[in-house]
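# Residue-level structure breakdown
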Amino acid sequence: MRVLVSGGAGYIGSHTVLALLDAGHDVVVVDDFSNSKPTVQGRLEALSGKHVPFHAFDLTDADKTEQLFVHEQIDAVIHFAGFKAVGESVSEPLRYYQNNLDATFSLLRAMQRSGVSKFVFSSSATVYGENAPVPYQEDYEYLSASSPYGQTKVVIERVLSDVAAVHEGWKVALLRYFNPVGAHPSGQIGEDPQGIPNNLMPFIAQVAVGRRERLTVFGDDYPTADGTCERDYIHVMDLAEGHVAALEHLGDLAEPVRAFNLGTGTGTSVLQMLHAFERATGKELPYEVGPRRAGDLAAFWADPARANTELGWRATRTIDEICADTWRWQSANPQGYPGA
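Residues numbered from 1 in each chain as written. Predicted model: local features only at pLDDT ≥ 70, side-chain atom pairs only at ≥ 80, totals over all residues. Heavy atoms only, no water.

### Some details on the environment of A165
In this fold, A165 is placed in helix 6 (residues 148-166). The spacing of A165 and R231 is 66 residues in sequence and 34 Å in space, taken between C-alpha atoms. (Helix = DSSP H or I, 4+ residues; strand = E, 2+ residues; numbered from the N terminus.)

Below is the structure:
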């Protein structure tokens, strides 16, 4: 298939581009580089040995999006593009709703007009909200989210369900994933957050490489094994392969829209992850315990049984592999990707 990957220069998108190419698919990327670097293209081409066409524009531009479908042969879409910082979405909700929804609307209209009906959506475990029982299962209702970012995922899932219900032949996979971490084993592509990282793993990596003084652990009095929050951390390459599996099984879906959890089914605590990273680097990393962060849940993880059974996909990489690959990326690229 020839697959359009929106946001394909970003962290998860770039790894998925490599996984698609490795599986024999052709890829076209659209990215406005608002949260990524153009230098990613050269690294993807060097790693894959293939040319990857890039289109640099904002998907909220409906005319440019439609022209992309006119000029490129596209068989399916994997949609990553969107703003994703939870805290920023709380302070700038209108910006998040407008960008994330408009980009999706623009894509869907262009797909309709071009007769493209295969769609894989980058959703999130955040759609389960604060009250879902652990482990999270796809049939849980009522979907909610505690941030505008998460609510855009909920709304887009519903939009996709409504569109697929009335347009015959549409097949949509909603991939609800948990905590993506790690990097490509080459060390050439990885996570490169802009500014202060919002997530645990890139913060630990920046402490290890000397960009940050120490890690702050937000609370050590949760009802978990060591008192720190537990999350379902999934290697980004496992996640990328999950997108390929979903794409290749769209035709097998028994219904127009199907949700899948992409996770390991196991929780790992903040301190467990920190100590695993210490093993990868061979040195002790400084940290301090701070107060709990508002809105943090004690522990949650996926029930990945549906993806295991229906997609034939399973997360296989360990926490130690995650840390080793992250350190290989961060130590080789201490400041992240170079500028354009």
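Here the narrative resumes.
### As for the packing of aromatic side chains
The full count for this structure, using the stated rule, is nine aromatic pairs. With centroids separated by 6.3 Å and ring planes inclined at 0 degrees, the aromatic side chains of F33 and F54 adopt a geometry described as stacked. One end of the pair, F33, is in the loop between strand 2 (26-30) and helix 2 (40-48); the other, F54, is in strand 3 (residues 54-55), and 21 residues separate them in sequence. Arranged with centres 6.0 Å apart and planes meeting at 40 degrees, the rings of Y136 and F178 form a pair that is tilted. (Phe/Tyr/Trp six-rings, centres within 6.5 Å; stacked < 30°, edge-to-face > 60°.)

### Let's talk about the pairing of strand 6 (residues 171-177)
Most of strand 6 is tucked away, with six of its seven residues classed as buried. Alignment of strand 5 (residues 118-124) against strand 6, held across seven bridges, turns out to be parallel. If you follow F121 over to strand 6, its bridge partner there is L174. Of the crossover connections in this fold, the one passing from strand 5 over helix 6 to the parallel strand 6 is right-handed. Where strand 6 lies against strand 11 (residues 257-262), six bridges are found, and the strand directions are parallel. (Buried < 20%, exposed > 50% of the residue type's maximum accessible area, 1.4 Å probe, protein only. Pairing = 2+ DSSP bridges. Right-handed = clockwise from strand over helix to strand, strands pointing away.)

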